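These are the residues of each chain, in order.
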Amino acid sequence: VVATLGVVASVCSAASRPQTLPEGGETPFEYDPARAARALALTELSYCIKDKRENYLSDAHVEAVVTQATSGGRAVVGFDATDATVFVAYRGSSNTRNWIENAKIVKTTPFGKDGPYADVAVERGFWDWYRDLNASGVFESVVKTSAQYGVKDVKVVGHSAGGACATLFAFDFSALRSFPDDLSLVSSTTFGSPRVGDSNFADAYTLAMSPQRENAVTTRVTHARDVVPHLPQERLLHFRHVSREVFYDEPNAHYDVCDGSGEDPECSNACAPLGCTSVNDHMDYLNVSLGVAGCPAARVRGAAEARGESAEEAASHVESPRIDYPDIPVDVLLRWTDEPAATS
């Protein structure tokens with residue numbers, strides 16, 4: 001499989017449904033494959049950087065690599081010169097299969113006992129992961145990077161459980177106003193994100209990101225039979241995705257812009273609830289292998305760009321490794337269907 005960070009825009013230029021779907025109070029949505037490819041490159045960076053001196057991605061100036069020993073989480077904070085933004089990239093689990101097979105799903109309502117978000121529930125493991133990373137320096141790094149480069153726009157990206165962290169970051173930024181008022185969140189882009197919270201969370205998130213509030217664009221990219229977007233369960237555990245989903249087919253050749261519900265039955269949910277069991281599709285987005293196994297190819301592509309090759313030229317002769325991961329057994333997915341007790 002040839003990595004296509006620089007050429008995915010041309011490969012995926014034809015969508016089978018309209019790209020612009022403004023609705024009600026939702027931020028008008030327009031999908032840009034080239035911007036998604038850049039978001040994926042920053043997401044890949046979160047897996048493939050050991051410290052900020054090993055940055056291989058041109059025009060991405062890494063200022064902080066934040067890690068959390070207990071969860072194993074990582075976030076990379078820096079300045080993206082391609083669009084003059086501060087970026088935050090959350091890495092997924094270092095062992096996706098182990099995380100899926102051993103997860104314990106419990107809802108929590110962490111946003112106070114009073115106020116507009118008292119009844120908003122999220123999955124406790126994702127919340128703890130996000131909270132611990134931020135306590136380790138993510139917020140401070142964002143503010144510092146903004147001041148260093150003199151920019152006020154912030155974007156967040158993430159894959160897998162890192163996508164859940166990115167969604168929580170966007171909610172924290174736009175709804176809870178955890179950052180200085182002069183900073184502005186412009187986008188949240190995730191790849192293979194699980195469901196983060198209940199319907200109250202999805203509704204509160206949509207309002208917070210709307211033109212009446214933050215006016216930021218959410219893009220939640222899914223791929224074919226990727227198992228993770230179907231966890232935790234929608235129908236039995238009452239979790240719900242945030243919108244807007246963009247669904248890619250198996251070869252990453254065509255995409256659909258999905259409806260604004262977050263749970264479009266014609267997109268990733270077409271194989272729900274137990275027909276989506278693929279780890280391969282979870283670790284492969286836009287024909288780029290995510291996770292640490294794909295890092296050598298990522299570094300070679302970066303070195304080629306540093307020598308003056310374009311992203312397209314580098315992608316033409318650097319292969320992203322294709323690793324064959326076994327599907328998740330259905331009985332494992334059924335373990336995610338026990339109704340958890342809500343906790344505060």
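Procedures and definitions
- Residues numbered from 1 in each chain as written.
- Predicted model: local features only at pLDDT ≥ 70, side-chain atom pairs only at ≥ 80, totals over all residues.
- Heavy atoms only, no water.
- Disulfide = S-S within 2.5 Å.
- Buried < 20%, exposed > 50% of the residue type's maximum accessible area, 1.4 Å probe, protein only.
- Salt bridge = Lys/Arg side-chain N within 4 Å of Asp/Glu carboxyl O.
- Helix = DSSP H or I, 4+ residues; strand = E, 2+ residues; numbered from the N terminus.
- Pairing = 2+ DSSP bridges.
- Axes fitted to C-alpha atoms, helices over the stretch in contact; angles between N-to-C directions.
- Contact = heavy atoms within 4.5 Å.
- Phe/Tyr/Trp six-rings, centres within 6.5 Å; stacked < 30°, edge-to-face > 60°.
- Lys NZ or Arg CZ within 6 Å of the ring centre and 35° of its normal.

Undergrad: Got a sec to walk through the state of the cysteines? Specific residues and values, please.
TA: Applying the stated criterion to the full structure yields 2 disulfides. Paired through a disulfide, C258 and C267 show a sulfur-sulfur distance of 2.1 Å. A torsion of -115 degrees about the S-S bond marks the disulfide between C258 and C267 as left-handed. Residue classification places C258 among the buried positions, given a relative accessible area of 1%. Each disulfide pairs two cysteine sulfurs, and for C271 the partner residue is C276, the sulfurs being separated by 1.7 Å. Its torsion about the S-S bond being 120 degrees, the disulfide of C271 and C276 is classed as right-handed. Overall, the relative accessible area of 1% leaves C276 in the buried class.

Undergrad: Let's hear about the pattern of salt bridges: which residues, and what values?
TA: Following the criterion strictly, the structure yields 13 salt bridges and no others. Among the ionic pairs, D80 bridges to R38, the shortest N-O distance being 2.8 Å. Taken together, the residues D80 in strand β2 (residues 73–80) and R38 in helix α2 (residues 33–47) connect sequence positions 42 residues apart. A single burial state applies to D80 and to R38, both of which are buried. A salt bridge links D80 to K155, with the nearest nitrogen and oxygen atoms 2.7 Å apart.

Undergrad: I'd like a rundown of the sheet that holds strand β1 (residues 60–68), residues and numbers included.
TA: Strand order across the open sheet formed by 8 strands is β1-β2-β3-β6-β7-β9-β11-β12, with mixed pairing between neighbours. Because the sheet does not close on itself, it has two edges, and the strands there are β1 and β12 (255–257). Strand-to-strand, the axes of this sheet are offset by a mean angle of 15 degrees, without reference to chain direction. Two elements, strand β3 (residues 85–90) and strand β6 (residues 153–159), share 5 bridges in a ladder whose sense is parallel. Across the sheet, residue Y90 finds its bridge partner in β6, namely G158. Lying on the sheet, α2 is in contact with β1, β2, β3, β6, β7 (184–191), β11 (245–248) and β12; it crosses β6 at an angle near 70 degrees.

Undergrad: Go over the packing of aromatic side chains, please, and point to the residues and values.
TA: As enumerated under the stated definition, the model contains 18 aromatic pairs in all. With 6.3 Å between their ring centres and 70 degrees between their planes, Y31 and Y248 make a pair best called edge-to-face. Within this pair, whereas Y31 is found in the loop between α1 (8–11) and α2, its partner Y248 is found in strand β11, the two being separated by 217 residues in sequence. Its relative accessible area of 0% is what places Y248 among the buried residues. Where F111 meets W127, the ring centres are 5.2 Å apart and the plane angle is 80 degrees; that geometry is what we call edge-to-face. Of this pair, F111 sits in the loop between β4 (107–108) and β5 (122–123) while W127 sits in helix α4 (residues 124–149), and the two are 16 residues apart along the sequence. Within the aromatic cluster, the residues linked to one another by ring pairs are Y90, F111, Y117, W127, Y130, F139, F169, F171, F173, F179, F201 and Y205. Geometry around F239 places K107 over its ring, the cationic atom sitting 5.2 Å from the centre.

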